[in-house]
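Notes for the structure review
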Amino acid sequence: KAGVTQTPRYLIKTRGQQVTLSCSPISGHRSVSWYQQTPGQGLQFLFEYFSETQRNKGNFPGRFSGRQFSNSRSEMNVSTLELGDSALYLCASSGGYSEAFFGQGTRLTVV
Amino acid sequence: GENVEQHPSTLSVQEGDSAVIKCTYSDSASNYFPWYKQELGKGPQLIIDIRSNVGEKKDQRIAVTLNKTAKHFSLHITETQPEDSAVYFCAAPLMRFGAGTRLTVKP
């Protein structure tokens, strides 16, 4: 069974630009959650999607948005990038309110 | 929302010693408590979990204990090995994570 796939693995963007990250969950999983990981802040929850609907949302500004498609693949978008958005973005897929499986992450660097 | 506090933030042990990491949570309705291990350059990997109807669960050298009254759960690693060196995270329902514990096992 294929794991969670995140693309791209690495990304360099300029301040003010926008970026879209993609996550393909494990087959059959309908829940996808997104996290931002930085050295000082640990794993910060961004949002969770379930069956194309946002089910939970963390404390991030509106520049961070996401969506989920009918095949459960999810994208997250960050607009008007800031230097502080540089981080590892992780997605996790789950088959229910239990075990979550993470992808390798997308490392975003904003210059 | 759910608050999860994790201690210690760093832990250094000698190979063969035991390591214990503790998390406390706030929501008494929480019923699922996983632990993740994150190695350098990788995403977190689930290593063990426990549900609220169980007080302890073991899997070889790792174990998790849960005290629902005190609202804390702990990860225990016995006979530590250098390959156990990683960052460990606990999580509470709605997948809110603790701040992480960097475990270093010295050979």
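For every chain, the first residue of the written sequence is number 1, and numbering continues from 1 onward in sequence order. The order in which chains are written sets their letters, starting at A; the order in which ligands are written sets their numbers, starting at 1. Where totals are concerned, whole chains, interfaces and linings use all residues; where local detail is concerned, this predicted model gives features only for residues with pLDDT of at least 70, and gives and counts side-chain atom pairs only at 80 or more. The basis for every side-chain value is the complete set of heavy atoms in the structure, and neither hydrogens nor water enter the calculation.

1. What to know about unusual backbone geometry
Cis geometry is adopted by the peptide bond preceding P8(A), which originates at T7(A) and carries an omega value of -10°. Helix and strand assignments come from DSSP, with helices taken as H or I runs of at least 4 residues and strands as E runs of at least 2, each series counted from the N terminus. Among the structural elements, P8(A) can be located in the loop between strand 1 (5-7) and strand 2 (10-13). Of note, the amide linkage connecting H7(B) to P8(B) takes the cis form, showing an omega dihedral of -5°. One can find P8(B) in the loop between strand 1 (4-7) and strand 2 (10-14). If you check the backbone angles, E52(A) has positive phi at about 70° while not being a glycine. By the secondary structure assignment, E52(A) is in the loop between strand 5 (42-50) and strand 6 (53-57).

2. Let's talk about the confidence of the model for chain B
Scored between 0 and 100, pLDDT is the confidence that the predictor attaches to each residue. Within chain B, residue pLDDT values average 92, and 96% of them lie at 70 or more. Ranking the elements of chain B by mean pLDDT puts strand 10 (residues 96-97) of chain B last, at 86, and strand 2 of chain B first, at 98.

3. Some thoughts on the pattern of salt bridges
Salt-bridge detection follows one rule: a side-chain nitrogen of Lys or Arg within 4 Å of a carboxyl oxygen of Asp or Glu. The tally for this structure, following the rule as stated, stands at 10 salt bridges over all chains. One salt bridge in this structure joins E82(A) and R63(A), with 3.6 Å as the shortest N-O distance. Of this pair, E82(A) sits in the loop between strand 8 (74-78) and strand 9 (87-94) while R63(A) is found in the loop between strand 6 and strand 7 (64-68), placing the two residues 19 residues apart along the sequence. Put simply, E39(B) and K42(B) hold a salt bridge, and the shortest N to O gap is 3.5 Å. The class of E39(B) is partly exposed, set by a relative accessible area of 29%. To sort residues, take the accessible area from a 1.4 Å probe on protein chains only and compare it with the maximum for the residue type: under 20% means buried, over 50% means exposed, and anything in between is partly exposed. Since its relative accessible area comes to 41%, K42(B) is described here as partly exposed. One continuous salt-bridge network, built from bridges that share partners, spans R63(A), E82(A) and D85(A).

4. A few points about the environment of L83(A)
Residues and elements named next belong to chain A. For L83, the position within the fold is in the loop between strand 8 and strand 9. On the basis of relative accessible area, L83 is assigned to the partly exposed category, the value being 46%. Note: C-alpha distance between L83 and V110 (27 residues apart in sequence) is 5.2 Å. The contact definition used throughout considers only heavy atoms, calling two residues in contact when any of these lie within 4.5 Å. Not counting residues up to four positions away in its chain, the partners in contact with L83 are R15, V110 and V111.

5. Details of the packing of aromatic side chains
Between rings of Phe, Tyr and Trp, where Trp is taken as its six-membered ring, a pair exists when centres lie within 6.5 Å; planes separated by under 30 degrees are stacked, by over 60 edge-to-face, and by other angles tilted. Under the definition given, this model contains 13 aromatic pairs over all chains. Aromatic pair F102(A) and F97(B): ring centres 5.8 Å apart, planes at 65°, arrangement edge-to-face. Placement of the pair is F102(A) in strand 10 (residues 100-102) and F97(B) in strand 10, with the two residues belonging to separate chains. Neither residue differs from the other here; F102(A) and F97(B) are each classed as buried. Look at F89(B) and F97(B): their rings are 6.2 Å apart centre to centre, the planes differ by 85°, and that puts the pair in the edge-to-face class. A relative accessible area of 2% means that F89(B) is categorised as buried. Counting every residue linked through ring pairs, the aromatic cluster contains Y35(A), F45(A), F102(A), Y36(B), F89(B) and F97(B).

6. A closer look at the sheet that holds strand 1 of chain A
Residue and element names in this part refer to chain A. Read from one edge of the open sheet, four strands run 1-3-8-7, paired in antiparallel fashion. Both edges of this open sheet fall to strand 1 and strand 7, since each of them pairs with a single strand only. When strand polarity is set aside, the average angle formed by the axes of neighbouring strands in this sheet is 20°. Here strand 3 (residues 19-24) pairs with strand 8 via five bridges, running antiparallel. Note on strand 8: the bridge partner recorded for V19 is V78. What makes two strands pair is DSSP finding at least two bridges between them. The angle between two axes is taken between their N-to-C directions and runs from 0 to 180 degrees, where each axis is a line fitted to C-alpha atoms and a helix contributes only its stretch in contact.

7. A look at the state of the cysteines
Cysteine sulfurs are considered disulfide-paired once they come within 2.5 Å of each other. One pass over the structure, following the stated rule, counts two disulfides over all chains. What pairs with C23(A) in a disulfide is C91(A), and their sulfur atoms sit 1.8 Å apart. Between C23(A) and C91(A) the disulfide shows an S-S torsion of about 65°. By sign, it is right-handed. Taken together, the positions of C23(A) in strand 3 and C91(A) in strand 9 put the pair 68 residues apart, joining distant regions of the chain. For C23(A), a relative accessible area of 0% corresponds to the buried category. The residue that forms a disulfide with C23(B) is C90(B), at a sulfur-sulfur distance of 1.8 Å. Here the S-S torsion is close to -90°, and the disulfide linking C23(B) with C90(B) is therefore left-handed. Within this pair, whereas C23(B) is found in strand 3 (residues 19-25), its partner C90(B) is found in strand 9 (residues 86-92), the two being separated by 67 residues in sequence.

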